[in-house]
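Listed below are the residues making up each chain.
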Amino acid sequence: MTGPTGPRPLQVFTGLNAPDVKPVEWLVEKFLARGAGTLLFGQPGVSKTVHAAHLMACLIAGVPFAHLKTVRRGLRVLYLDFDGSWEWNRELFVAAFRGVGVEGIPESFIYYSPNTEECTRHGKKRGFKRSNPWDRPSPPR
């Protein structure tokens, strides 16, 4: 076991030595970047789930979100719901998709909640596919 090595110098940049950076690929213009972790948080009852449902519906349909450009192609979205459940939110998701011109729940929407029995039950198929959704081919670019 080795001991502490001491403090490491803090790397800082100036206009003279700043490295080049790759351009950001925005999924939603100046709001949501590809590859960036995103967390939506707030007090209970401030419509986080409603906004998240609308955001993911816009990304799947390839339409603007809150007047911001989104990628033109539809995306697959993995929605992790640790507060609610499918039973609580299904109608909200259906309405979010209907609002962007998509009827029903598209296959590119993947939902998981530990609060939903069908998501946590092993070996029994009732309503949800057990295949790996990421094995499907991506939509054309």
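A brief look at the structure comes next. (Residues numbered from 1 in each chain as written. Predicted model: local features only at pLDDT ≥ 70, side-chain atom pairs only at ≥ 80, totals over all residues. Heavy atoms only, no water.)

Regarding the pattern of salt bridges
Taken as a whole and judged by the stated rule, the model has three salt bridges. Among the ionic pairs, arginine 34 bridges to glutamate 25, the shortest N-O distance being 3.1 Å. What makes arginine 34 partly exposed here is its relative accessible area of 38%. Assessed through its relative accessible area of 38%, glutamate 25 is described here as partly exposed. With a shortest N-O distance of 3.9 Å, glutamate 103 and arginine 98 are connected by a salt bridge. By relative accessible area, which is 46% here, arginine 98 ends up partly exposed. (Salt bridge = Lys/Arg side-chain N within 4 Å of Asp/Glu carboxyl O. Buried < 20%, exposed > 50% of the residue type's maximum accessible area, 1.4 Å probe, protein only.)

A few points about the pairing of strand β4 (residues 109–112)
Sheet topology note: the strand β3 (residues 77–80)/β4 ladder contains four bridges and is parallel. Looking at the pairing, leucine 78 lines up with isoleucine 110 of β4. (Pairing = 2+ DSSP bridges. Helix = DSSP H or I, 4+ residues; strand = E, 2+ residues; numbered from the N terminus.)

Focus: helix α2 (residues 86–99)
When the terminal C-alpha atoms of α2 are compared, their 19 Å separation across 14 residues agrees well with the 20 Å that a helix rising 1.5 Å per residue should span. Among all positions in α2, only Trp86, Asn89, Phe93, Val94, Ala96 and Phe97 are buried. Seen from one end, α2 has its buried residues packed into an arc of 160 degrees, which puts them on one side. Turned more than 90 degrees from where α2 packs its buried face, Trp88, Glu91 and Gly99 sit exposed. Glycine 101 sits one or two residues past α2 and shows a positive phi near 85 degrees. (Expected span 1.5 Å × (residues − 1). Arc of directions from axis to C-beta.)

What to know about the pairing of β3
Strand residues, when the strand is regular, have side chains that alternate between the two faces of the sheet. On β3, burial follows the alternation: Val77 and Tyr79 on one face are buried, whereas Leu78 and Leu80 on the facing-out side are not. At this point the chain moves from β3, through α2, to the parallel β4, and the crossover so formed is right-handed. (Right-handed = clockwise from strand over helix to strand, strands pointing away.)

With respect to the nonpolar core
Ranked by size, the top nonpolar core spans 24 residues in total, and within it Met56, Leu59, Tyr79, Phe93, Phe109 and Tyr111 carry the most contacts. Elements represented by at least two residues in this core include exactly β1 (26–28), α1 (48–61), β3, α2 and β4. Counting residues per element, this core draws most heavily on α1, at eight residues. Other than its neighbours up to four places away in sequence, tyrosine 79 contacts Thr49, Ala52, Met56, Phe93, Phe109, Ile110, Tyr111 and Tyr112. (Core = buried A, V, L, I, M, F, W, Y, C linked by side-chain atoms within 4.5 Å. Contact = heavy atoms within 4.5 Å.)

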